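A closer look at the structure
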Amino acid sequence: MNKVRIKEIFESIQGEGPYVGYKQLFVRFCNCNLKCRYCDTEFSSDKDFTEYAPCGLADKINSYNYVHSVSLTGGEPLLASEFLKDCLPRINKKIYLETNATLADKFLEVKPFINIVSADIKLESATGIKDSYKFHDKFFENCRGVETFAKIVFNSKITEDEINSCCRLGKKYNIELILQPEMIGDRMSVTSEFISRILDKFLEEYENVRLIPQVHKFLDVR
């Protein structure tokens, strides 16, 4: 049977990106195809998970009220694209996909059911992941027609080449870029002065850029 392992389901506010402050239902999928240096999320499928069939997860999600949308997060939800094709049509809420933007073909399988895409652009200086741009380029191409924005986690090691590459992607696909300082616990890893300089460097190349830190960490909510 088509089943998936879910790490947790919980209500909270969205703490990242242009939808910050909206109440969402978070559905955290197990497993990821990447291993970013800064990741502090527990999504392992080794223990403490619940297994769902498509109708069971849809029924669980539909039982919640007063949420703006359902955030599919992880891990990487698109690893479960076959499951999502069965599950998402049964859900009566907006679907907000949080993804590392590297699985372009799997996104096409579920694209008709996605309302909002929150996609990462992975900087090698912050994540340790090389050559991510070729995967992001194909992913954003496949996102055409769906509301999409990109989050960029950065630290003090961000380079001029990375800034230029991100801006080229933003221009090519006309997507908003959200700069997100890397956090250490509930504190930013870089100074306010450094953040301001990086924002200006982005804006020199592309006007559709905003700086939004992880608000939920300042508020001490999940």
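Please read all numbers here as calculations on a predicted model, not as lab measurements.

**Concerning the pattern of salt bridges**
Inspection of every chain in the model, using the stated rule, returns 12 salt bridges. Residue Lys 151 is joined to Glu 16 by a salt bridge in which the shortest nitrogen-to-oxygen separation is 2.4 Å. Of the two residues, Lys 151 sits in strand β7 (residues 147-154) while Glu 16 sits in the loop between β1 (4-13) and β2 (23-29), which places them 135 residues apart along the sequence. A network of salt bridges, in which partner residues are shared, links Glu 16, Glu 98 and Lys 151.

**A few points about the packing of aromatic side chains**
Any pair of aromatic rings gets described here by the distance separating the centres and the angle formed by the planes. What the rule picks out here adds up to seven aromatic pairs. Here Phe 10 and Phe 26 contribute two aromatic rings whose centre-to-centre distance is 5.2 Å and whose plane-to-plane angle is 10 degrees, an arrangement assigned as stacked. Separated by 16 residues along the polypeptide, Phe 10 in strand β1 and Phe 26 in strand β2 bring together distant segments of the chain. One exposure class covers both Phe 10 and Phe 26, and it is buried. Connected via pairs of aromatic rings, a cluster forms that spans Tyr 19, Tyr 22, Tyr 96 and Phe 149.

**Comments concerning unusual backbone geometry**
For the bond running from Gly 74 to Gly 75, omega is 10 degrees, close enough to zero to count as cis. In this model, Asn 174 sits at a positive phi of 50 degrees, which is unusual for a non-glycine residue. Among the secondary structure elements, Asn 174 is positioned in the loop between α6 (160-173) and β8 (176-181).

About the cut-offs
- Residues numbered from 1 in each chain as written.
- Predicted model: local features only at pLDDT ≥ 70, side-chain atom pairs only at ≥ 80, totals over all residues.
- Heavy atoms only, no water.
- Salt bridge = Lys/Arg side-chain N within 4 Å of Asp/Glu carboxyl O.
- Helix = DSSP H or I, 4+ residues; strand = E, 2+ residues; numbered from the N terminus.
- Phe/Tyr/Trp six-rings, centres within 6.5 Å; stacked < 30°, edge-to-face > 60°.
- Buried < 20%, exposed > 50% of the residue type's maximum accessible area, 1.4 Å probe, protein only.

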